Amino acid sequence: MGETFRNWARNQSATPAEVRAPSSAEEVSRAVRDAAAAGRRVRMTGTGHSFTPVALTDGLLLRPDALTGIREAGDGWVTAEAGTTVGALNRELHRRGLALANMGDIDAQTVAGAIQTGTHGTGRDVGGMADQVLALEMVLADGEIVTVRGDGEGKIHGVAERDLFDAARVSLGALGVVTAVTFRVEPAFLLRSVREPMPLTAILGSLDTLVAGNEHLDFFWLPHTDTCLTKRNNRSPGPPRPPSALKYWLDNHFMENTLFGALCGVGGRYPGAIPRLNALSAATLSASAHTDASHRIFTSVREVRFLEMEYAISREHLGQALREVRDLLELRDWKISFPVEVRVTPASDAWLSTAYGRDSAYIACHVYRPTPNPAYFEGVEEIMTRLGGRPHWGKLHTRDAAYLATVYPRFDDFLAVREALDPGRAFANDHLDTVLG
């Protein structure tokens, strides 16, 4: 048996029959063909930042540790090996005077894992990472290595290349093993980040104005209070005014991790204290502003382990959904220590993007890892599904293919592409059997 794989949250694990760490697309191709000959299924992991079993397998597990680095770059594009972390990509782009237009707030994922599960960040005008992809290199079930481009005009296994591109950008690894990703990039830019506490009631009354007035809006509501921390990030001509090393450590490591983790630990032992602890946290929030390189503003430090469920809904339903979540917590009297996070993105044309075909809002619910609360997730999920919500592919949910087919207009088209490329389900696992059928 191979080594045991565990995800970051430590809620998913698997011990596959074999583990390999290929260093090229050719070695991935050989591994896929070897697995087929042995009757084994194949999955490629990332860094384990999905909360679902999406990466697990009992067959051949491919680790991307040796598939790293920038392969090549051109005018407005960069090709990165699949196992390159988003953080490493950011640092290399910055060294070259380049940047991604948008990204999520965690940079530990591999670039392939991030796009395959629909990592999105927040943005009024620019979508998630999959929307910045120009091409994908993939190894198919028969071992063939193909490059799929957004402007391609040919066919691959009878599938129009443009269709395959739109299907493959967010595909959970179900269509093939992604070995390299070509991103659209732009000249490096600065973001001015303004953090400010605001009442939830005020935000609910001005959602449209807040979204329209900021390139990147993100806010966190502290349950059992009327307080939110808003983060408004907008492009700036400079000059850069980054936080001092002490201020960065104090805010990002001590306050948001060390102290917050200690409060979660207290709340875990004494749930009745959580509303008072949240009120204390709300009282310590203060306004701040700084200007820095975009990737430093986009990303956050996350050291306290948690479990997460996130749903994308049509942006027009955001106010209703937040009110219902607030009312649900009051009705059920759950004690929730973690903030509820809200973000937005424009519509996407990737078939399984959670933002496909509609301007979207995201509501993310978290719980402290040592004190899971399935009833909380279940109750919020009922609200989100009633509003036609789409669960984040890398975060906890209970939806299956029957439901997902009702909220993704191109779901059946995706399944047809999958049937053409992987009729023997070489890249399946139990989780994909549930969400894709």
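A brief look at the structure comes next.

How each quantity is defined
Residues numbered from 1 in each chain as written. Predicted model: local features only at pLDDT ≥ 70, side-chain atom pairs only at ≥ 80, totals over all residues. Heavy atoms only, no water. Helix = DSSP H or I, 4+ residues; strand = E, 2+ residues; numbered from the N terminus. Buried < 20%, exposed > 50% of the residue type's maximum accessible area, 1.4 Å probe, protein only. Contact = heavy atoms within 4.5 Å. Axes fitted to C-alpha atoms, helices over the stretch in contact; angles between N-to-C directions. Parallel < 35°, antiparallel > 145°, perpendicular 65-115°, else oblique. Left-handed = near helix turned anticlockwise from the far one by under 90°. Nonpolar A, V, L, I, M, F, W, Y, C, P; charged D, E, K, R; others polar. Core = buried A, V, L, I, M, F, W, Y, C linked by side-chain atoms within 4.5 Å. Patch = residues over 30% accessible without salt bridge, like charges linked within 9 Å, V, L, I, M, F, W, Y side chains within 5 Å. Areas by Shrake-Rupley, 256 points an atom, 1.4 Å probe, with all protein chains shown as cover. Salt bridge = Lys/Arg side-chain N within 4 Å of Asp/Glu carboxyl O. Pairing = 2+ DSSP bridges.

**A closer look at the side chain of S294**
So, step 1. Here S294 lies in helix α9 (residues 294-298).
So, step 2. In this structure S294 comes out as buried when scored by relative accessible area, which is 3%.
So, step 3. Residues contacting S294, with those up to four places away along its chain left out, are A99, L100, F189 and L191.

**Here we look at the packing of helix α7 (residues 245-269) against helix α8 (residues 274-284)**
So, step 1. Running from amino to carboxyl end, α7 crosses α8 at an angle of 160°, the nearest separation of the two axes being 9 Å. Comparing the axis directions of α7 and α8 gives the class roughly antiparallel. Crossing angle aside, the handedness with which α7 passes α8 is right-handed. Taken together, the residues of α8 that come into contact with α7 (itself represented by M255, L263, V266 and G267) are I274, L277, S281 and T284.
So, step 2. For the contact of α7 with α8, the class distribution of residues is five nonpolar, three polar and no charged.

**Observations concerning the nonpolar core**
So, step 1. Judged by nonpolar contacts, the single largest core of 57 residues is most densely connected at M138, L164, L175 and F183.
So, step 2. Leave out the neighbours within four places in its chain, and F183 touches G76, W77, V78, L89, L100, V111, I115, M129, Q132, V133 and L134.
So, step 3. Listed in part, the 46 residues of the second largest apolar core include L204, F219, L307 and Y376.

**Thoughts on the packing of helix α10 (residues 318-332) against helix α11 (residues 374-386)**
So, step 1. α11 packs onto α10 with a crossing angle of 150° between their chain directions and a minimal axis gap of 10 Å. Taken together, the axes of α10 and α11 lie roughly antiparallel to each other. In terms of crossing hand, the pair formed by α10 and α11 is right-handed. Each of Q320, A321, E324, V325, L328 and L329 in α10 lies in contact with α11, whose residues at this interface are Y376, G379, V380, I383, M384 and R386.
So, step 2. Grouping the amino acids of the contact of α10 with α11 by side-chain chemistry returns eight nonpolar, two polar and two charged.

**Side note on a nonpolar patch on the surface**
So, step 1. A cluster of nonpolar side chains, contributed by L246, W249, L250, M255 and L259, occupies part of the molecular surface with about 450 Å² of accessible area.
So, step 2. Relative to the helices and strands, L250 resides in helix α7.

**Re the sheet that holds strand β20 (residues 340-345)**
So, step 1. Across the sheet, which stays open at both edges, the eight strands sit in the order β18-β15-β17-β16-β20-β21-β19-β22 with antiparallel pairing between neighbours. At either margin of the open sheet sits one strand with a lone partner, and together these are β18 (288-293) and β22 (390-391).
So, step 2. Relative to strand β17 (residues 227-236), strand β15 (residues 190-199) runs antiparallel, the two sharing ten bridges. Across the sheet, the residue bridging to R192 is N234, located in β17.
So, step 3. Running at roughly 10° to strand β19 (residues 306-314), α11 makes contact with β19, β20 and β21 (360-368) of the sheet.

**Observations concerning the pattern of salt bridges**
So, step 1. For the structure shown, the criterion picks out 34 salt bridges.
So, step 2. D430 is the partner of R41 in a salt bridge, and the nearest nitrogen-oxygen pair spans 3.8 Å. Separated by 389 residues along the polypeptide, R41 in the loop between α1 (25-38) and β4 (42-44) and D430 in helix α14 (residues 430-435) bring together distant segments of the chain.
So, step 3. In this structure R41 comes out as partly exposed when scored by relative accessible area, which is 25%.
So, step 4. You can call D430 exposed: its relative accessible area is 58%.

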